[in-house]
Amino acid sequence: MPNRLAEETSPYLRQHADNPVDWYPWGPEALQKSREENKPILLSVGYSACHWCHVMAHESFENERIAAIMNEHFVNIKVDREERPDIDSIYMEAVQAMTGHGGWPMTVFLTPDGVPFFGGTYFPAEDRHGLPSFPQVLQAVSRLYKEQPDKVQQSAAEIGKFLKDSATMKPSRSEPNAGILDDAARTMLSQFDRVHGGTEGAPKFPQPMNLEFMLKSYRRTGDTGLVAMAELTLQKMAYGGIYDQVGGGFHRYSVDDVWLVPHFEKMLYDNAQLTRIYLQAYQLTGNVLYRRIAEETLDYVTREMVSPEGGFYSAQDADSEGVEGKFYVWTPAEVIAALGQEDGKLFNLIFDITQRGNFEGHNIPHLTRTLETVAAASNIPLDRLEEVVRTGREKLYTERSKRVPPGTDDKVLVGWNGLMLRAFSEAASILERSDYRQTAIRNAEFVLSTLVQPTGEGAPEGELRLFRTYKDGKAHIEAFAEDYAFYADGLISLYEATFEPRWIERARSLVSTLLAHFWDGEQGGFFSTADYHETLVTRPKDLYDNAIPSANSVAAEALLRLFLLTTEFEYEKYAVEAMRPVLDVVGRAPVAFGRVLCALDFYLSSPSEVALIGPLQAGDMMEMLRAVWGSYVPNKVVAAALPDDAEAARIIPLLADRPQVGDRATAYVCRNYICERPTTDPAEVVSLLAGNSPPVEDMEEV
């Protein structure tokens, strides 16, 4: 008989609906039961694409004997970390403090007040590799709780104090300065793997935010070592097994140090951020490899990760048929059967698919050499190899589609959708892809119609409140700071791809809610939860950039971009204060602050403000847009309107008082409150954005 999780929308929670465990979702019913029966809480946190979460579920949560122990001694709560990042972050910090490491599945034991007193990650069903068995842990914790309550309370008090103290990071007294960026860039370079890219050692995570900072630092300093390390990483990932060579898109990370064997889950947030860094590398270098990877990744998302309504799904599983990676691997014979003898052998040669295999007797397709190198070594024309790759990938994708696919976590999370919204919007602008633009518009119209909460009585004008998650027609859970920050950031990029002022208005409404309900008036920065969220053991604040950027980092950059478009000086002030709590540490530990470093670089760089005036579909305007988006100028905002569009100028003051010159598309490029003379020459726009400014006497004050 299904347990309470059958009523939830989370695919992860539903995966446990038929467990013999008496699971509760997080909520007042479970917490009240714990208090009334004086039973400790067993909190289990994971997510649907997590391989080891599946292993522990199969070994322990489906085991009648283990479930009986859990049900007798604990109130059992299951949480989807993707739906509740606030709960996940609080208790993950506690587990890391108690054990020195973290990860999922996460298993934490709490007092009825929700304070942790013991925890860990994966526990096997039987003693293995030095790990105690889960039944052994359950019985020991139960005895401790019953027989030594003073010890439990002491541990809970110590951990509770640690959590409250760690949520406080005093703002820096220093002002933002370029020295912070220089220190961070040097430290990042010193930690890079100069053979395989990425940071040294295994496992290897993509870290697109850090790569973006390296490209920005190259633009700022001219240090070619920075761009060389970024390019090495991007190329190694593009050729490696971490990239799905058949279907496009990136897996979560590589378990080795050569990007070959991934954990096979595909996460929306990885693919959004990696798309953007490949687009930026394409702008900087013109290397078509980077464009291809960006397009293939977005095409994969369009094909497999978009709901009928236009929302982006969250993830695809690592496992199919209970085996990790089974969907993605090949034998030489399978390739030859699908492509034919001649093309199959060539495809196997190109993608290093061998009889020995590279993953449990099978092969993860990857490239050890470029096609040019293979062509030269085998004396086969390059165009012949390119055709084998193109048609081979199509045929193998079709053949692979006949297999049992990994499960798709089809819930829609607003924050993650904001990351992908920005990726599609920027791709539309950079690559001139109208289909990407339409995907972005459709997403925004869906999110801002379906996940918007009804305005409550007395709610301040201009605020827009969101739900975090949507599935099967139901939107629920109050949105968190990352949802507001990420989606506002995405909407600004959607404006730059469409020049429809409504998207800036909606971005400002989300920012209004963020500032009104999430801002920490004492220490600066944004709390993860609003002042109207439920009270937890501590109020978390997201300051570190991990796999997902922190709400504070993204909010800072979004506020800076909005400031330049709207001249609302309060936005700039809040942006600086949002970065201030980490200013003293980002230079020393830059890998944990990649996105805030990008925001700081934006703030210190004198970003370009570009106003384009003229009919948006005219040929000369298209040439202007190519000039704006055709090269790597990371720190800029772009606005456009017809010369007589008073409403656009009201919403976006950057467009105000900008006449068209000679009935031609006209560009105004400004920095630091000073604008260059208007130009109708796209080549001059390129020069101005590159920093080749005309003499001072040719400038005019704003």
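Let us look at the structure shown here. Remember, predicted model here, so these are calculated numbers, not experimental data.

Helix and strand counts for the protein chain stand at 26 helices and 19 strands. In summary, the protein chain has a C-alpha radius of gyration of 26 Å against a globular reference of 27 Å for 702 residues, a match within 12%. With 702 residues in all, the protein chain has 60% of them scored as buried. Residue pairs in contact within the protein chain that sit at least 24 positions apart in sequence constitute 68% of those at least 6 positions apart. Put simply, the protein chain shows about 27,300 Å² of open surface, and 50% of that area lies on carbon and sulfur atoms.

The antiparallel open sheet is built from 5 strands, whose spatial order is E8-E9-E12-E13-E14. Edge positions in the sheet fall to strand E8 (266–267) and strand E14 (474–478), since each of these pairs with one other strand and no more. Pairing of strand E9 (residues 313–316) with strand E12 (residues 408–413) involves 3 bridges; the strand directions are antiparallel. When the bridges of E12 are listed, Tyr 313 appears paired with Val 412.

Contact pair helix H10 (residues 224–239) / helix H12 (residues 288–304): the axes reach a minimum separation of 11 Å and the direction vectors enclose 50°. Here H10 is positioned oblique relative to H12, judged by the angle of their axes. At the point where H10 passes H12, the crossing takes the left-handed sense. Across the interface between the two elements, Glu 231, Leu 234, Gln 235, Ala 238 and Tyr 239 from H10 touch Leu 289, Tyr 290 and Ile 293 from H12. Tallied by class, residues from the contact of H10 with H12 come to 6 nonpolar, 1 polar and 1 charged.

Turning our eyes to something else, we now look at the pattern of salt bridges. Counted under the stated rule, the structure contains 57 salt bridges. Residue Glu 399 pairs with Lys 402 through a salt bridge whose shortest N-O separation is 3.3 Å. Salt-bridge contacts for Arg 626 lead to Glu 623; the nearest nitrogen and oxygen are separated by 2.6 Å. Of this pair, Arg 626 and Glu 623 both sit in helix H24 (residues 619–629), separated by 3 residues, roughly a single helical turn. Taking relative accessible area as the criterion, Arg 626 reaches 36% and is therefore assigned partly exposed. Classification of Glu 623 as partly exposed rests on a relative accessible area of 40%. Three or more residues are tied together by salt bridges with common partners; here these are Glu 212, Arg 276, Arg 422, Glu 426, Asp 489, Glu 496, Glu 557, Arg 561 and Arg 595.

Further remarks concern helix H22 (residues 569–579). For H22, the full list of buried residues reads Tyr 571, Tyr 574, Ala 575, Val 576, Ala 578 and Met 579. Summarising the contacts, the buried residues of H22 are in contact with helix H20 (502–517), helix H21 (551–566) and helix H23 (594–604).

Bringing unusual backbone geometry into the picture now. Residue Pro 105 is reached from Trp 104 by a cis peptide bond, and omega for that bond is 10°. With respect to the element layout, Pro 105 can be found in the loop between helix H5 (85–99) and strand E4 (106–110). One non-glycine residue with positive phi stands out, namely Asp 352, at about 55°. By the element assignment, Asp 352 lies in the loop between helix H14 (341–350) and helix H15 (371–378).

All right, on to the nonpolar core then. Of all hydrophobic cores here, the largest spans 210 residues; its most connected members are Trp 26, Leu 43, Tyr 91, Tyr 278, Leu 491, Leu 612 and Leu 655. Apart from residues lying up to four places away in sequence, Leu 43 is in contact with Trp 26, Ile 77, Val 79, Ile 87, Tyr 91, Met 106, Thr 107, Val 108 and Leu 110. With 17 residues, the next largest nonpolar core counts Val 335, Leu 339, Phe 347 and Leu 367 among its residues.

Here Gly 120 shows up in strand E5 (residues 116–120). Judged by relative accessible area, Gly 120 falls into the buried class, the value being 5%. C-alpha of Gly 120 to C-alpha of Leu 466: the two residues are 346 residues apart in sequence and 33 Å apart in space. With residues near it in sequence (within four places) discarded, Gly 120 still touches Val 95, Thr 99, Pro 105, Met 106 and Thr 107.

Let's shift gears to the state of the cysteines. Counted by the stated rule, this structure contains 2 disulfides. With a sulfur-sulfur separation of 2.4 Å, Cys 50 is cross-linked through a disulfide to Cys 53. Across the S-S bond linking Cys 50 and Cys 53, the dihedral sits near 80°, which makes this disulfide right-handed. Under the relative-accessibility criterion, Cys 53 is labelled buried at 2%. Cys 670 shares a disulfide with Cys 675; S-S distance 2.0 Å. Classification of the bridge connecting Cys 670 and Cys 675 rests on its S-S torsion, roughly 95°, and on that basis the disulfide is right-handed.

Now for the pairing of E5. Burial analysis of E5 places 4 of its 5 residues in the buried class, which makes it a mostly covered element. Inspection of the sheet shows E4 paired to E5 by 4 bridges, in the antiparallel sense. Each residue of the ladder has a partner; that of Phe 109, found in E5, is Phe 118. Linking two consecutive strands that pair antiparallel, namely E4 and E5, is a turn of 5 residues; a positive phi of about 85° is found at Gly 114 within it.

Let's shift gears to the sheet that holds strand E1 (residues 23–25). Pairing is mixed across the open sheet formed by 5 strands, whose spatial order is E1-E3-E2-E4-E5. The two strands at the open ends of the sheet, each matched to only one other strand, are E1 and E5. Going across the sheet, the axis of each strand differs from the next one's by a mean of 30°, ignoring polarity.

This paragraph deals with the packing of aromatic side chains. Counted under the stated rule, the structure contains 28 aromatic pairs. Among the aromatic residues, those joined into a cluster by ring pairs are Trp 23, Phe 61, Phe 123 and Phe 134. Over the aromatic face of Tyr 574 sits the side chain of Lys 573, whose NZ or CZ is 5.0 Å from the ring centroid. Lying across the ring of Tyr 668, Arg 658 places its NZ or CZ 5.1 Å from the centre.

With 13 residues, helix H8 (residues 178–190) extends 19 Å from end C-alpha to end C-alpha; this agrees with the ideal 18 Å at 1.5 Å per step. What H8 keeps buried is the set Ile 180, Leu 181, Ala 184, Ala 185, Thr 187, Met 188 and Leu 189. Of the surrounding elements, those touching the buried residues of H8 are helix H9 (208–221), H10 and H23. Sitting at the head of H8, Asn 177 places a side-chain oxygen 3.0 Å from the backbone nitrogen of Gly 179.

Conventions used here
All residue numbers refer to position in the chain's written sequence, counted from 1. Since the coordinates come from a predicted model, pLDDT governs what is reported: local features require at least 70, and pairs of side-chain atoms require 80 or more to be given and counted, while whole-chain, interface and lining totals use all residues. To obtain the side-chain values, all non-hydrogen atoms of the structure were included, while hydrogens and water were left out. Strands are runs of DSSP state E lasting at least two residues, helices are runs of H or I lasting at least four, and both sets are numbered from the N terminus onward. Only the C-alpha atoms count toward the radius of gyration. The rule for a globule is 2.2 Å times the residue count to the power 0.38. In this scheme, a residue with accessible area under 20% of its type's maximum is buried, one over 50% is exposed, and one in between is partly exposed, where area comes from a 1.4 Å probe on protein chains only. What makes two residues a contact is simply this: any of their non-hydrogen atoms within 4.5 Å. Where accessible areas are quoted, they stem from the Shrake-Rupley method and a 1.4 Å probe; at the residue level, only the protein chains shown are allowed to cover. We treat two strands as partners when DSSP finds at least two bridges between them. Axis angles are defined between N-to-C directions and span 0 to 180 degrees, where every axis is a line fitted to C-alpha atoms and, for a helix, only to the segment in contact. In this scheme, roughly parallel covers angles under 35 degrees and roughly antiparallel covers those over 145, while 65 to 115 is roughly perpendicular and the rest are oblique. Less than a right angle of anticlockwise turn of the near helix away from the far helix marks a crossing as left-handed, whereas a clockwise turn marks it as right-handed. Residue polarity follows a fixed list, in which Ala, Val, Leu, Ile, Met, Phe, Trp, Tyr, Cys and Pro are nonpolar, Asp, Glu, Lys and Arg are charged, and the others, Gly among them, are polar. Salt bridges, as used here, are contacts in which a Lys or Arg side-chain nitrogen is within 4 Å of a carboxyl oxygen on Asp or Glu. Working definition of a nonpolar core: buried Ala, Val, Leu, Ile, Met, Phe, Trp, Tyr and Cys residues. They are joined through side-chain atoms within 4.5 Å. Note on terminology: pairs of cysteine sulfur atoms within 2.5 Å are recorded as disulfides. Whether two aromatic rings pair depends on their centres lying within 6.5 Å, for rings of Phe, Tyr and Trp, where Trp uses its six-membered ring; planes under 30 degrees apart make the pair stacked, over 60 edge-to-face, and the rest tilted. Two conditions define a charge located above a ring, namely a distance within 6 Å from the ring centre to NZ of Lys or CZ of Arg, and an angle within 35 degrees of the ring normal. Expected helix span is computed as 1.5 Å times (number of residues minus one). Polar contacts, as used here, are pairs of N or O atoms within 3.5 Å; protein pairs need one atom able to donate a hydrogen and one able to accept it. Residues neighboring in sequence count only if both atoms are side-chain atoms.

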